[in-house]
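# Survey of secondary and tertiary structure
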Amino acid sequence: MPMYEFQCPNCGVVTTELCRMGENGESLLCSACGLTGLMKQISGFASLGLSGGSGGGNCSAGCSGNCASCH
Ligand SMILES: [Zn+2]
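Read on for an overview of the structure. (Residues numbered from 1 in each chain as written. Predicted model: local features only at pLDDT ≥ 70, side-chain atom pairs only at ≥ 80, totals over all residues. Heavy atoms only, no water.)

### Observations regarding the sheet that holds strand S1 (residues 3-7)
With antiparallel pairing, 3 strands are arranged side by side in an open sheet as S2-S1-S3. The open sheet has two edge strands, strand S2 (14-18) and strand S3 (39-41), and neither has a second partner. Averaged over all pairs of adjacent strands, the angle between strand axes in this sheet comes to 40 degrees, irrespective of strand direction. For S1 and S2, the ladder comprises 5 bridges, and the chain directions are antiparallel. Residue pairing across strands places Glu5 opposite Thr16, the latter belonging to S2. (Pairing = 2+ DSSP bridges. Helix = DSSP H or I, 4+ residues; strand = E, 2+ residues; numbered from the N terminus. Axes fitted to C-alpha atoms, helices over the stretch in contact; angles between N-to-C directions.)

Here's what the structure looks like:
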């Protein structure tokens, strides 16, 4: 299951939860103040995991992510 970060709109505490795809945080409780209804965060960590293999982030040779063709 993917991990998502949810931020409490009341106190700002971020909670990391393992949850199903499509979870929007409405049913999650803030661990700090107990408020229900957390805001889903779009985290760099999560998107890195999803896009792994298609990034080519540290290759400057313009190979569009397929470094096997330029090294
Ligand atoms: Zn809170």
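What follows picks up the thread again.
### Description of a nonpolar patch on the surface
On the surface, Met1, Met3 and Leu18 cluster together into a nonpolar patch covering about 360 Å² of accessible area. Here Met1 shows up in the segment before S1. (Patch = residues over 30% accessible without salt bridge, like charges linked within 9 Å, V, L, I, M, F, W, Y side chains within 5 Å. Areas by Shrake-Rupley, 256 points an atom, 1.4 Å probe, with all protein chains shown as cover. Salt bridge = Lys/Arg side-chain N within 4 Å of Asp/Glu carboxyl O.)

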